[in-house]
Structures are given as structure tokens and as C-alpha cells.
Amino acid sequence: MLVVDQLYDQILEGMLDFIDGDDDADYTSSDVEICGSLLSKFISSVPEGISHDKAMVEVKTLVLALNELNEQCDFSLIETDQREGICELVFQTLAAAGVEFDEDVTEDWREW
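Note that the coordinates shown come from a computational prediction; the quantities given were computed from them, not determined experimentally.

Caption draft 1: Main features of unusual backbone geometry. Its identity is not glycine, yet aspartate 74 carries a phi of approximately 55°, on the positive side. Examined against the element boundaries, aspartate 74 turns out to sit in the loop between α3 (52-72) and α4 (80-97). For aspartate 74, a relative accessible area of 54% corresponds to the exposed category.

Caption draft 2: Spotlight on the packing of aromatic side chains. Per the stated rule, a full pass over the model turns up two aromatic pairs. Ring geometry for phenylalanine 18 against tyrosine 27: centres 6.1 Å apart, planes inclined by 20°, an arrangement best described as stacked. Owing to a relative accessible area of 40%, phenylalanine 18 belongs among the partly exposed residues under this scheme. Tyrosine 27 sits in the buried class, given a relative accessible area of 4%. Aromatic side chains phenylalanine 91 and phenylalanine 101 sit 5.6 Å apart centroid to centroid with 35° between the ring planes, which places their arrangement in the tilted category. Pair noted here: phenylalanine 91 is in helix α4 and phenylalanine 101 is in the segment after α4, with a separation of 10 residues, a long-range link. Owing to a relative accessible area of 29%, phenylalanine 101 belongs among the partly exposed residues under this scheme. Looking at arginine 110, its charged tip hangs above the ring of tryptophan 112, at a distance of 5.6 Å from the centre.

Caption draft 3: Expanded view of helix α2 (residues 29-44). Taking 1.5 Å as the rise per residue, α2 with 16 residues should run 22 Å; its terminal C-alpha atoms sit 22 Å apart, in good agreement. Within α2, burial applies to Asp31, Val32, Cys35, Gly36, Leu39, Phe42 and Ile43. The buried side chains of α2 occupy one side of the element, clustering within an arc of 145° when seen end-on. Pointing more than 90 degrees away from the buried face of α2 are the exposed residues Glu33, Lys41 and Ser44.

Calculation rules
Residues numbered from 1 in each chain as written. Predicted model: local features only at pLDDT ≥ 70, side-chain atom pairs only at ≥ 80, totals over all residues. Heavy atoms only, no water. Helix = DSSP H or I, 4+ residues; strand = E, 2+ residues; numbered from the N terminus. Buried < 20%, exposed > 50% of the residue type's maximum accessible area, 1.4 Å probe, protein only. Phe/Tyr/Trp six-rings, centres within 6.5 Å; stacked < 30°, edge-to-face > 60°. Lys NZ or Arg CZ within 6 Å of the ring centre and 35° of its normal. Expected span 1.5 Å × (residues − 1). Arc of directions from axis to C-beta.

Dropping the structure here:
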């Protein structure tokens, strides 16, 4: 899952880079670590062969947790680049697990 690992790194690095370049960031490296933990948990909860229904439960769980975290950070943790990266990470994780989808599976719950 090299692509997923690269996306994971890019998402978190982008968040950390923003903190380094902005004295007024509304989130901390601790918040980025929490985001990383949520993404890691999602990746590990979607093994190859998982059922479509179970995978969608995992997507919903991730998205709702990210919504809550982003809200705690005054909606500044997940910006456009991170949103696109997280969605791609979800899609690539599902594809690697053999879960078929033909639309943005995060959209129903996503607030970021």
C-alpha cells in the first residue's frame, strides 16, 4: 500500500508545515497526531476482502471522527489539500481491499 503510505505522509506533512509557517494556526501538532491516528486506524480496519457494508461503516466512523476533530480545531485542520488527500487515501485503501465504489464515499458524512 505504498500509495496509501505516501498519501498519509503528505497529508500530515502539509498540516505540520502550516503550523511551522503560521504563528496563528488554530491547531497543534497534537491535533495532527490525532488525525494521523484516526487515518492509521482506518487503514488497518479495512483489510483485503472486507465486505462493502463493513468498509462503509469504517469510512463513516473515520469521517465523523475527522469532522469532530476539525471542529475542535475551528475548522482549520482540514483544508482543501488535506481534504483531497484524505479522500484519495480512503479511495486507495478501499481499492486495495477490493471494495468497489463509483462515487465519493465520504460525501454523505463529510463536513470538511
